Amino acid sequence: MKPLEIYGEGKTIVAVEDVLSAIKIARCRGEGICATPLLGSSMSKQVEQQLLKRYENISVWLDRDKAKNAIRIRNRLRSLGVSSRAIITPLDPKEYNRTEILEWLKS
């Protein structure tokens, strides 16, 4: 079982593949955004349930080669009634600076 680690505070959480990406997103303080590393490209039912209880919005931002997984997770979350979206970008989240991360999160 993978641990659920949350970086930052907010009503919106971004699920990413790795710790470095989660930390970079969490550094966007004041935007109401936090992040959690999935430590892979899938979301367990336990993590899913914990996130559903705590967050109004869940975004899934996996590396580009795992875009299909991000869409599957998003669809699953939507079927459970939570506002969710998949963010698909040319680079991994950790490759962007603060301004670029905020642009991707808002678009």
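Residues numbered from 1 in each chain as written. Predicted model: local features only at pLDDT ≥ 70, side-chain atom pairs only at ≥ 80, totals over all residues. Heavy atoms only, no water.

J.: What is the right way to read the overall build of the chain from this model?
T.: Looking only at helices and strands, the chain has four helices and four strands in total. Here the chain has a C-alpha radius of gyration of 12 Å; the compact-globule value for 107 residues is 13 Å, and the two agree. The dimensions of the chain, computed from C-alpha atoms along their principal axes, are 30 × 30 × 25 Å. In the chain, which comprises 107 residues, the proportion classed as buried is 41%. Long-range pairs, those at least 24 residues apart, make up 59% of the contacts in the chain between residues at least 6 apart in sequence. Each charge class in the chain was averaged separately, 19 positive and 13 negative side chains, and the resulting centres sit 6 Å apart. (Helix = DSSP H or I, 4+ residues; strand = E, 2+ residues; numbered from the N terminus. Rg over C-alpha atoms; globule rule 2.2 N^0.38 Å. Buried < 20%, exposed > 50% of the residue type's maximum accessible area, 1.4 Å probe, protein only. Contact = heavy atoms within 4.5 Å. Lys, Arg positive; Asp, Glu negative; His and termini not counted. Charge placed at Lys NZ, Arg CZ, Asp CG, Glu CD.)

J.: Looking at this structure, I do not really get the side chain of Ser-41. What am I missing?
T.: For Ser-41, the location among the structural elements is in the loop between strand E2 (33-37) and helix H2 (45-54). By relative accessible area, Ser-41 is classed as buried at 16%. When neighbours within four sequence positions are excluded, Ser-41 is seen to be in contact with Glu-17, Leu-62, Lys-66, Asn-69 and Ile-73.

J.: Help me understand the nonpolar core, please; the structure alone is not making it clear to me.
T.: Nonpolar side chains tend toward joint burial in soluble globular proteins. In terms of nonpolar packing, the biggest core is built from 15 residues, with Leu-38, Met-43, Leu-51, Ile-58, Ile-73 and Leu-77 touching the most fellow members. Of all elements in the fold, only strand E1 (12-16), H2, strand E3 (57-60) and helix H3 (67-79) reach the threshold of two or more residues within this core. With three residues, H3 is the single largest residue contributor to this core. Apart from residues no more than four positions distant in its own chain, Ile-73 is found in contact with Leu-38, Ser-41, Ser-42, Met-43, Val-60 and Leu-62. Counting 13 residues, the second-largest nonpolar core is a separate cluster that includes Cys-28, Ile-33, Ile-101 and Leu-102. (Core = buried A, V, L, I, M, F, W, Y, C linked by side-chain atoms within 4.5 Å.)

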